[in-house]
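Residue-level structural notes
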Amino acid sequence: MTKEAVNLKNLSLSELETWVLGLGEKPFRARQLARWMYGKGVWEFSQMTNLAKEFRKKLEASVWISHLEPEKIQTSQDGTQKLRFPLRDGNRIESVLIPERDHVTLCLSTQVGCALGCKFCLTGKKGFIRNLDPAEIIDQVLAARAHLGEGKKLTNLVLMGMGEPLENFDAVVKALEILRSEDGLGFSHRRVTLSTAGIIPKIEALFQRPRFVMLAISLNASTDEGRSRLMPINRKYPLKDLLALCRRLPLDRREKITFEYVLIQGVNDSEEDARRVVELLRGIRAKVNLIPFNEYPQSPFRRPEEKAILRFREILMEGNLTALIRQSKGADILAACGQLGGTPNPT
Ligand code: SAH
Ligand code: SF4
């Protein structure tokens with residue numbers, strides 16, 4: 001086995017235990033390792049002082065532990081920070097730290113690029129490069145936590161950075177299990193949200209396991225025609241099927257599905273659109289996040305006028321929907337939704 005072969009962070013906690021047993025060690029050694037890697041964020045065996053020297057030697061000979069270090073951190077006027085990480089193969093990903101009054105949210109990437117090609121999204125424009133492995137997903141969280149330091153606690157995670165998480169299902173599920181577990185990073189499932197463009201069979205698969213994540217769906221249009229134009233994936237998984245699925249998902253008590261709606265001037269921001277959204281979401285426990293389109297260099301679309309945004313929201317609320325206008329954080333450093341490119345900014 002070469003050193004490249006096994007990165008311990010790519011093992012689930014039960015795989016870690018099996019692997020430790022295979023070395024002839026006691027199961028509690030796996031928990032000790034997990035506590036070092038995830039609890040303390042340590043990646044060097046030499047720092048794991050409560051492990052016997054012999055065991056450390058065995059580890060060093062056969063496995064390694066990854067970590068990510070930001071090569072660039074940009075801070076927005078509103079306090080949002082974009083962390084750019086180089087990966088081992090030379091690709092780059094970005095995560096965004098969003099401090100709010102009583103919590104701090106990290107927006108994570110799950111792929112380098114994205115294959116779904118939504119017309120309004122910079123990540124989509126770049127096309128698909130590759131999936132992240134579980135370790136690369138978890139390492140974004142560990143690096144962000146380390147960057148925050150002692151003073152501020154990372155409280156919430158959203159899988160809304162680069163990539164479509166459900167197109168990288170196995171790695172995302174494995175990472176989420178570790179992020180959620182008490183022996184891992186210990187995030188409560190109410191504080192972890194996965195956003196998808198609507199990959200129906202994978203949403204079903206997600207709900208067939210014990211629940212460990214809140215669901216957000218990128219709606220972004222009020223008709224199939226309009227949605228297919230913006231999001232080609234709608235041709236495969238049209239609105240009717242997607243919303244029928246939402247109606248039968250077994251939600252927890254008081255749980256709601258979040259629907260994201262990117263508001264684009266003259267494209268999907270009319271009063272008729274708002275009324276149709278009310279009709280579409282009837283009977284679904286839904287909350288709508290309106291995201292005024294974030295512009296980027298050469299973006300084909302514009303953000304609507306403030307008046308149109310407020311009117312859109314008003315119609316949703318009159319239709320008894322919870323609707324929030326999501327303040328676009330970090331737009332000045334291209335860290336807002338849909339602005340993550342993973343390549344160096346020209347500035
Ligand atoms: N692939 C997943 C998650 C990443 S995209 C998904 O599509 O849901 C996260 C959110 O950013 C989506 O709701 C998407 O509609 C939104 N988004 C993409 N580009 C945007 C832009 N330029 N302005 C505002 N929101 C955008
Ligand atoms: Fe991919 Fe989401 Fe961007 Fe669409 S909006 S291209 S699914 S990252």
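Structure report, in brief. (Residues numbered from 1 in each chain as written. Chains lettered and ligands numbered in written order. Predicted model: local features only at pLDDT ≥ 70, side-chain atom pairs only at ≥ 80, totals over all residues. Heavy atoms only, no water.)

Focus: the site of ligand 1
The environment of ligand 1 is formed by 19 residues, the closest being Gly163, Ser195, Ser218, Asn294 and Gly338. A distance of 3.0 Å separates a nitrogen atom of ligand 1 from a polar backbone atom of glycine 163. The side chain of serine 195 places a nitrogen or oxygen atom 2.6 Å from an oxygen atom of ligand 1. Burial of ligand 1 by the protein amounts to 95% of the accessible area it has alone, namely 530 Å². (Near = heavy atom within 4 Å. Polar contact = N/O pair within 3.5 Å; in protein donor to acceptor, adjacent residues only side chain to side chain. Areas by Shrake-Rupley, 256 points an atom, 1.4 Å probe, with all protein chains shown as cover.)

With respect to the packing of helix H5 (residues 134-148) against helix H6 (residues 169-180)
Running from N to C, H5 and H6 point in directions that differ by 40 degrees, and their axes come no closer than 8 Å. Classified by the angle between their axes, H5 and H6 sit oblique to one another. In this structure, H5 crosses over H6, and the sense of that crossing is right-handed. Contacts from Pro134, Ile137, Ile138 and Val141 of H5 reach H6 at Ala171, Val172, Lys174, Ala175, Ile178 and Leu179. Tallied by class, residues from the contact of H5 with H6 come to nine nonpolar, no polar and one charged. (Axes fitted to C-alpha atoms, helices over the stretch in contact; angles between N-to-C directions. Helix = DSSP H or I, 4+ residues; strand = E, 2+ residues; numbered from the N terminus. Parallel < 35°, antiparallel > 145°, perpendicular 65-115°, else oblique. Left-handed = near helix turned anticlockwise from the far one by under 90°. Contact = heavy atoms within 4.5 Å. Nonpolar A, V, L, I, M, F, W, Y, C, P; charged D, E, K, R; others polar.)

A few points about the site of ligand 2
Lining the immediate environment of ligand 2, one finds Cys114, Leu116, Gly117, Cys118, Phe120, Cys121, Gly124, Gly163 and Ala197. Among the residues forming the shell around ligand 2, the class breakdown is six nonpolar, three polar and no charged.

Looking at unusual backbone geometry
You will see that glutamine 298, though not glycine, has its phi angle at about 65 degrees, which is positive. Relative to the assigned elements, glutamine 298 resides in the loop between strand S11 (286-292) and helix H11 (306-318). The exposed category is assigned to glutamine 298, whose relative accessible area is 78%. Positioned with a positive phi, asparagine 320 is a non-glycine residue whose angle comes to about 65 degrees. Position of asparagine 320 relative to the elements: it lies in the loop between H11 and strand S12 (322-325). (Buried < 20%, exposed > 50% of the residue type's maximum accessible area, 1.4 Å probe, protein only.)

Some points on H11
In this model, H11 (13 residues) spans 18 Å end to end at C-alpha, consistent with the 18 Å of a helix rising 1.5 Å per residue. Every buried residue belonging to H11 is among Ile309, Phe312, Ile315 and Leu316, and all of these are buried. The arc enclosing the buried residues of H11, seen along the axis, measures out at 130 degrees, which places them on a common side. Those residues of H11 that are exposed and angled more than 90 degrees off the buried face are Lys307 and Glu318. Contacts made by the buried residues of H11 are with strand S10 (257-263), helix H10 (271-280), S11 and S12. Phi turns positive, to about 65 degrees, at asparagine 320, one or two residues after H11. (Expected span 1.5 Å × (residues − 1). Arc of directions from axis to C-beta.)

Considerations on the pairing of strand S8 (residues 192-196)
The buried count for S8 comes to five of five residues, which makes it a mostly enclosed element. Pairing analysis gives three bridges linking strand S7 (residues 156-159) to S8, with the strands arranged parallel. Within S8, the position partnered with leucine 157 by the bridge is valine 192. Crossover S7 to S8 through H6 is right-handed. Note that S8 and strand S9 (residues 214-218) share four bridges and pair parallel. Bridging from a neighbouring strand, threonine 196 pairs with isoleucine 217 of S9. For the crossover from S8 across helix H7 (residues 200-207) to S9, the handedness is right-handed. (Pairing = 2+ DSSP bridges. Right-handed = clockwise from strand over helix to strand, strands pointing away.)

Section: the pattern of salt bridges
For the structure on display, the rule yields 24 salt bridges. Between lysine 174 and glutamate 15 there is a salt bridge, with the nearest N and O atoms lying 2.9 Å from each other. One end of the pair, lysine 174, is in helix H6; the other, glutamate 15, is in helix H1 (residues 13-22), with 159 residues separating them in the sequence. Taking relative accessible area as the criterion, glutamate 15 reaches 34% and is therefore assigned partly exposed. Linking lysine 240 and aspartate 241 is a salt bridge whose minimum nitrogen-to-oxygen distance equals 4.0 Å. The class for lysine 240 is exposed, based on a relative accessible area of 65%. Three or more residues are tied together by salt bridges with common partners; here these are Glu271, Glu272, Arg275, Arg311 and Glu314. (Salt bridge = Lys/Arg side-chain N within 4 Å of Asp/Glu carboxyl O.)

Side note on the packing of aromatic side chains
In the structure shown here, the tally under the stated rule is three aromatic pairs. Ring geometry for tyrosine 261 against phenylalanine 312: centres 5.0 Å apart, planes inclined by 40 degrees, an arrangement best described as tilted. Here tyrosine 261, found in strand S10, pairs with phenylalanine 312, found in helix H11; they are 51 residues apart in sequence, far enough to count as distant. Phenylalanine 312 shares its class with tyrosine 261; the two are buried. Aromatic side chains phenylalanine 293 and phenylalanine 301 sit 5.9 Å apart centroid to centroid with 90 degrees between the ring planes, which places their arrangement in the edge-to-face category. Grouping residues by exposure puts phenylalanine 293 and phenylalanine 301 together as buried. (Phe/Tyr/Trp six-rings, centres within 6.5 Å; stacked < 30°, edge-to-face > 60°.)

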